[in-house]
Amino acid sequence: MTSKTIKTKRPVTRKSAMFFLTLALIITSLLYLFPLLWFLLSAFKPGTELFAYPLKIIPENPTIQNFIDAWTTLDFFRYFNNTLISAVVTTLLTILVSAACGYAFAKYDAKWLRFFFICIIATTMLPTEVIMNPTFSVIRSLGLYDNLLGIIIPSINTATGIFMFRTFFVSVPDDLIESARIDGASDGMIFLKIMLPIARPIIMTLGIFSFQWRWNDYIWPLIVLNDPKKYTLQVAIRSLVGAENINWTILIAASVISILPLLLVFLAFQRWILDSNLDSGLK
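Residues numbered from 1 in each chain as written. Predicted model: local features only at pLDDT ≥ 70, side-chain atom pairs only at ≥ 80, totals over all residues. Heavy atoms only, no water.

A. Spotlight on the overall build of the protein chain. Secondary structure assignment for the protein chain yields 14 helices and zero strands. The order of α-helices and β-strands along the protein chain, N terminus first, is α-α-α-α-α-α-α-α-α-α-α-α-α-α. In terms of principal-axis extent, the alpha carbons of the protein chain reach across some 80 × 70 × 35 Å. Residue burial in the protein chain is summarised as follows: out of 283 residues, 35% are buried. Across the protein chain, contacts joining residues at least 24 apart in sequence account for 73% of those joining residues at least 6 apart. (Helix = DSSP H or I, 4+ residues; strand = E, 2+ residues; numbered from the N terminus. Buried < 20%, exposed > 50% of the residue type's maximum accessible area, 1.4 Å probe, protein only. Contact = heavy atoms within 4.5 Å.)

Right under this line is the structure:
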């Protein structure tokens, strides 16, 4: 076989591989999107169609009455406000604390810091149920039971966020920090004026994740909050499930409404995730 024949066959093989990989990606995407599409379309189905046999994806008589009933049944403004406050405040504090810890672990050379970092990462191996009881005892002792602060404070520190910032700051050249110190910048100024701006992709990524975690959190708010007026949205939606009867049309419509803020946050900030200007500080 001549070298010319080998060269002509390689592009064909590469194109075939790309075709099958693309096809596999499309099939996998459809498998993930199908349940979500069924869920969204079910919110527009009247009760008579929701469990009609045979099941149909497209509603025959679409209606928005389910959303109207869900909005009037639940005090959405109150629950949206409670959830938004807890999610936004927790996200901002999580970003600040995680960035500060990640910067210290990455740029300060101390053995006890390395040991402390290993201990923090080790917490990811603990199930949430293991630390729930002692955390609740501390929250109750501090008088934060049935208070939004009781669901905000325990959620600030995340090993995932600290690990993300530490990994990013390790890649930042030390020359950038040393040049700032020569110019008279303090450690606080270096962190606020240099490190945080260049870590914008990590900030946006962690912000999206943290907001999603706090918005969808159900177990911890259910344990800490007792007053129905202080419920978060997920706990309030769960209250629609009765002991003997479940109004599925309202439940599905309310669930669809609850995911809209997450979709808006992702669409608004996704473009910042891959926008990194790490090298700009060295020019």
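B. Focus on the nonpolar core. Counting 36 residues, the largest nonpolar core has Leu74, Phe76, Ile151, Trp215, Trp220, Leu233 and Ala254 as the members making the most contacts within it. Listing elements by their share of this core, those giving two or more residues are α3 (65–73), α4 (76–107), α6 (128–141), α7 (149–152), α11 (200–216), α12 (219–224), α13 (233–238) and α14 (248–269). Take this core: its biggest share by element is nine residues, from α14. If you look at the next biggest cluster of nonpolar residues, it comprises 20 residues, including Met164, Leu176, Ile177 and Met195. (Core = buried A, V, L, I, M, F, W, Y, C linked by side-chain atoms within 4.5 Å.)

C. Main features of the packing of aromatic side chains. Counted under the stated rule, the structure contains 18 aromatic pairs. Their ring planes at 90° and their centres at 5.7 Å tell us that Phe136 and Tyr145 sit as a pair that is edge-to-face. What makes Phe136 buried here is its relative accessible area of 18%. A relative accessible area of 35% means that Tyr145 is categorised as partly exposed. Here the guanidinium or amino end of Arg166 rests over the ring plane of Phe117, the centre of that ring lying 4.8 Å away. (Phe/Tyr/Trp six-rings, centres within 6.5 Å; stacked < 30°, edge-to-face > 60°. Lys NZ or Arg CZ within 6 Å of the ring centre and 35° of its normal.)

D. Geometry of the layout of surface pockets. Volume-wise, the largest pocket comes out at about 920 Å³. As for the largest pocket, its lining consists of 22 residues, of which Thr128, Ile131, Pro154, Ser155 and Asn157 are closest to the centre. Every element with two or more residues in the lining of the largest pocket is listed here: α6, α8 (159–170), α11 and α12. At six residues, the largest contribution of residues to the lining of the largest pocket is made by α6. Approximately 370 Å³ is the volume attributed to the second largest pocket. Surrounding the second largest pocket, 15 residues form its lining, Gln212, Ile259, Leu262, Leu263 and Phe266 being those nearest its centre. Mapped by element, the contributors of at least two residues to the lining of the second largest pocket are α1 (3–42), α11 and α14. At seven residues, α14 tops the list of elements feeding residues into the lining of the second largest pocket. Tallied by class, residues from the lining of the second largest pocket come to 13 nonpolar, two polar and no charged. (1 Å grid on protein atoms, 1.4 Å probe; cavity = no way out; pocket = protein on both sides within 12 Å on 5 of 7 lines; lining within 4 Å. Points joined across faces, edges and corners; volume = space filled by probe spheres on them. Nonpolar A, V, L, I, M, F, W, Y, C, P; charged D, E, K, R; others polar.)

E. Focus on the environment of Arg238. Secondary-structure assignment places Arg238 in helix α13. On a C-alpha basis, the gap between Arg238 and Ser255 in space is 9.8 Å, while along the polypeptide they are 17 residues apart.

F. A look at empty space enclosed by the protein. Applying the stated criterion across every chain, the model contains one cavity of 30 Å³ or more. For the largest cavity, the calculated volume is near 60 Å³. The wall of the largest cavity is formed by Ser86, Thr90, Ile151, Ser155, Arg214, Asp217, Pro221 and Thr232.

G. Highlighting the UniProt feature "transmembrane region" (unreviewed entry) in the protein chain. The residues that UniProt annotates with the feature "transmembrane region" (unreviewed entry) are residues 20–41, 84–105, 112–128, 148–169, 190–211 and 248–269. For residues 84–105, the end-to-end C-alpha separation is 31 Å, with 100% helix and 0% strand making up the annotated structure. Across residues 190–211, the secondary structure splits into 95% helix and 0% strand, with the terminal C-alpha atoms separated by 27 Å. (UniProt positions renumbered as here; feature names shortened; annotations may be inferred.)

H. Main features of the state of the cysteines. Per the stated rule, a full pass over the model turns up zero disulfides. Here Cys101 stays free of any disulfide, with the sulfur of Cys119 as its closest cysteine sulfur at 13 Å. Cys119 gets classed as partly exposed once you look at its relative accessible area, which sits at 34%. (Disulfide = S-S within 2.5 Å.)

I. Local environment of the confidence of the model for the protein chain. Residues of the protein chain with pLDDT of at least 70 account for 90%, and the chain-wide mean is 83. Note that residues 3–8 has pLDDT below 50 and, in this model, one contact with residues that lie over four places away or in other chains. Low pLDDT, under 50, characterises residues 276–283; the stretch is placed with 11 contacts to residues that sit more than four places away or in other chains. (pLDDT = per-residue confidence, 0-100.)

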